[in-house]
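Okay, here's what each chain looks like letter by letter:
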Amino acid sequence: MSVLPIAPIMPLGPLTAVNPSGLETTPKVGSGDGAQKAGADFSKFLSDALNQVDALQTEGDKATVALATGQVQDLSEVMVALEKASLSLSLTVATRDKVLDAYNQVMRMQI
């Protein structure tokens, strides 16, 4: 039995210097416009994420019903759908708990 040698790490190649003039090309946005846009983007992101969790839960329920009625022969497909739904719900609950914990810490701060 022989052990294959580990391949050497290849160099990255020539690195290009960062051009400071490229930083000045970003558009200037007023603080009010940016806050409103960020709020809208975050609420859309949050809404989309919750819709995806709901869709995975629905798919898991449909897969369970299909298995119970004999429409699905492969148990692994049902288990994968149920695990996706379970993991997405667990992540959502954990995220909610972290957000509530952060909110409570901010509310306990002394001014």
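Please refer to the structure higher up on the page.
Residues numbered from 1 in each chain as written. Predicted model: local features only at pLDDT ≥ 70, side-chain atom pairs only at ≥ 80, totals over all residues. Heavy atoms only, no water.

Trainee: So what's going on with the overall build of the protein? Residues and values would help.
Mentor: Along its length, the protein carries two helices and zero strands. Out of the 111 residues belonging to the protein, those deemed buried represent 8%. (Helix = DSSP H or I, 4+ residues; strand = E, 2+ residues; numbered from the N terminus. Buried < 20%, exposed > 50% of the residue type's maximum accessible area, 1.4 Å probe, protein only.)

Trainee: How would you sum up the layout of surface pockets? Please name residues and give values.
Mentor: Computed from the structure, the largest pocket encloses a volume of approximately 350 Å³. As for the largest pocket, its lining consists of Phe-42, Phe-45, Leu-46, Ala-49, Leu-50, Val-53, Ser-88, Leu-91, Thr-92, Thr-95, Arg-96 and Val-99. Elements represented by at least two residues in the lining of the largest pocket include exactly helix 1 (31–68) and helix 2 (75–108). The residue inventory of the lining of the largest pocket, partitioned by class, reads eight nonpolar, three polar and one charged. (1 Å grid on protein atoms, 1.4 Å probe; cavity = no way out; pocket = protein on both sides within 12 Å on 5 of 7 lines; lining within 4 Å. Points joined across faces, edges and corners; volume = space filled by probe spheres on them. Nonpolar A, V, L, I, M, F, W, Y, C, P; charged D, E, K, R; others polar.)

Trainee: With reference to specific residues and values, describe a nonpolar patch on the surface.
Mentor: Together, Phe-42, Phe-45, Leu-46 and Leu-50 line one region of the surface with nonpolar side chains, adding up to about 430 Å² of accessible area. Note on placement: Leu-50 falls in helix 1. Judged by its relative accessible area of 44%, Leu-50 is partly exposed. (Patch = residues over 30% accessible without salt bridge, like charges linked within 9 Å, V, L, I, M, F, W, Y side chains within 5 Å. Areas by Shrake-Rupley, 256 points an atom, 1.4 Å probe, with all protein chains shown as cover. Salt bridge = Lys/Arg side-chain N within 4 Å of Asp/Glu carboxyl O.)

Trainee: Let's hear about the nonpolar core: which residues, and what values?
Mentor: The biggest cluster of nonpolar side chains holds five residues, and these are Ala-63, Ala-66, Val-72, Val-78 and Ala-81. For this core, the elements supplying multiple residues, two or more each, are helix 1 and helix 2. Excluding residues within four positions of it along the chain, Ala-63 makes contact with Val-78 and Ala-81. (Core = buried A, V, L, I, M, F, W, Y, C linked by side-chain atoms within 4.5 Å. Contact = heavy atoms within 4.5 Å.)

Trainee: Explain helix 2 to me, and be specific about the residues and the numbers.
Mentor: If you check helix 2, its first and last C-alpha atoms are 49 Å apart, about what 34 residues at 1.5 Å a residue would give, namely 50 Å. Regarding helix 2, the residues found buried are Val-78, Ala-81, Ala-85 and Ser-88. (Expected span 1.5 Å × (residues − 1).)

Trainee: I'd like a rundown of the environment of Ser-90, residues and numbers included.
Mentor: Relative to the elements of secondary structure, Ser-90 occurs in helix 2. Residue classification places Ser-90 among the partly exposed residues on the basis of a relative accessible area of 43%. Here the alpha-carbon distance between Ser-90 and Val-53, two residues 37 residues apart in the chain, equals 10.0 Å.

Trainee: Tell me about the pattern of salt bridges, residues and numbers included.
Mentor: Under the definition given, this model contains two salt bridges. Lys-44 is paired through a salt bridge with Asp-48; the nearest N and O atoms lie 3.1 Å apart. A residue pair is termed a helical-turn pair when its members lie 3 or 4 positions apart in one helix, as Lys-44 and Asp-48 do in helix 1 at four residues. For Asp-48, a relative accessible area of 35% corresponds to the partly exposed category. With a closest N to O distance of 2.9 Å, Arg-96 and Asp-97 form a salt bridge. Judged by its relative accessible area of 48%, Arg-96 is partly exposed. Taking relative accessible area as the criterion, Asp-97 reaches 38% and is therefore assigned partly exposed.

Trainee: Describe the environment of Leu-89, listing the residues and the values that go with them.
Mentor: Here Leu-89 lies in helix 2. We classify Leu-89 as partly exposed; its relative accessible area is 40%. Along the sequence, Leu-89 and Leu-50 sit 39 residues apart, while their C-alpha atoms lie 9.4 Å from each other. If we skip the residues at most four places from it in the chain, Leu-89 touches Val-53 and Gln-57.

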